[in-house]
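# What the coordinates show
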Amino acid sequence: MDELIKKRIKQIKKGDQDAFGEIVEIFKDKIFQLVYRMTGNAHEAEDVAQEAFIRAYININSYDTNRKFSTWLYRIATNLTIDRIRKKKPDYYLDAEVAGTDGLTMYSQVAADIALPEEEVESMELQGEIQKQILKLPDKYRSVIVLKYIDELSLIEISEILEIPVGTVKTRIHRGREALRQQLRHV
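Quick notes on the rules
- Residue positions are given per chain, counting from 1 as you read along its sequence in written order.
- The predicted origin of the model limits local features to residues at a pLDDT of at least 70 and limits the giving and counting of side-chain atom pairs to 80 or more, whereas totals for whole chains, interfaces and linings rest on all residues.
- Side-chain measures were taken over the full set of non-hydrogen atoms in the model, leaving aside hydrogen atoms and water.
- UniProt positions are given in the numbering used here, feature names are shortened, and annotations may be inferred rather than shown by experiment.
- Under the DSSP-based scheme used, a helix requires at least four consecutive residues in state H or I and a strand at least two consecutive residues in state E, with every element numbered from the N terminus.
- The buried label applies to any residue whose accessible area, calculated with a 1.4 Å probe on protein chains only, is under 20% of its type's maximum; exposed applies above 50%, and partly exposed to all values in between.
- Residue contacts are defined here by distance: any two heavy atoms, one from each residue, within 4.5 Å place the two residues in contact.
- Computed by Shrake-Rupley with a 1.4 Å probe, the accessible areas treat only the displayed protein chains as cover when residues are assessed.
- Definition used in this section: a nonpolar core is a set of buried Ala, Val, Leu, Ile, Met, Phe, Trp, Tyr and Cys residues joined via side-chain atoms within 4.5 Å.
- The criterion for an aromatic pair is that two Phe, Tyr or Trp rings (for Trp, the six-membered ring) have centres within 6.5 Å, with stacked assigned to planes under 30 degrees apart, edge-to-face to planes over 60 apart and tilted to the rest.

Per an unreviewed UniProt entry, the protein goes by RNA polymerase sigma factor and derives from Sutcliffiella tianshenii. The annotation that UniProt attaches to the protein under Sequence similarities (unreviewed entry) is "Belongs to the sigma-70 factor family. ECF subfamily."

The next point concerns the overall build of the protein. Of the regular secondary structure elements, the protein holds eight helices and zero strands. The N-to-C order of helical and strand elements in the protein reads α-α-α-α-α-α-α-α. The burial tally for the protein puts 33% of its 187 residues in the buried class. Long-range pairs, those at least 24 residues apart, make up 60% of the contacts in the protein between residues at least 6 apart in sequence. As presented, the protein carries roughly 12000 Å² of accessible surface, and 50% of it is formed by carbon and sulfur atoms.

What follows concerns the nonpolar core. One recurring pattern in soluble globular proteins: nonpolar side chains tend to sit buried together. Judged by nonpolar contacts, the single largest core of 43 residues is most densely connected at I9, I23, F27, I31, F69 and L147. Top contributing element to this core by residue count: helix α4 (residues 69-87), with nine residues. Residues within four places of L147 in sequence aside, it is in contact with L34, Y74, T78, E152, L153, I158, I161 and L162.

It is worth spelling out the packing of aromatic side chains at this point. Taken as a whole and judged by the stated rule, the model has six aromatic pairs. Ring geometry for F27 against F69: centres 5.6 Å apart, planes inclined by 55 degrees, an arrangement best described as tilted. In this pair, F27 is assigned in helix α2 (residues 17-39) and F69 in helix α4, connecting sequence segments 42 residues apart. The buried category is assigned to F27, whose relative accessible area is 4%. By relative accessible area, F69 is classed as buried at 4%. Considering the side-chain rings of Y63 and W72, the 5.3 Å spacing of their centres and the 50 degrees angle between planes classify their relative orientation as tilted. Since its relative accessible area comes to 12%, W72 is described here as buried. Here a set of aromatic residues connected by ring pairs shows up, and it is made of F27, Y63, F69 and W72.

Set out below in structure tokens:
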């Protein structure tokens, strides 16, 4: 796979746009999932993922072919996501009470597709709660938690993506897990 990517990078540097289309096809789902896990918003994840690919294409000549392309692309996507999170604070939350009502939340406005078995519902609620708590983590902890446990990257890859020492990655993972544990102790 790495050889195919290196070959496509060489073609892109020579001006072959179709080769970049192949790169996008290979990585689009992984980049979308990374951004979605960090933002919690599918539309925003699509926008940031698309912007990450555009930035990668524009800056392809600065890519060091001695390093993994995926690490470089993840770094671009992670940095763009963190920038987006810092710039945009949410306008509303689904669990916020609707003004002028007695305890009615936005969740009541979301249509349910089908009824699910009880275990599946509980699992989904737990996953949703974990995702909600991950979104509450500070950026520096959220990014390492997502990269380590959602995208299952190694400590070295996370270190390269975030451009921080491996020891710092370990510390942030530990502190992020502790913060999550504290936030989830009521669950």
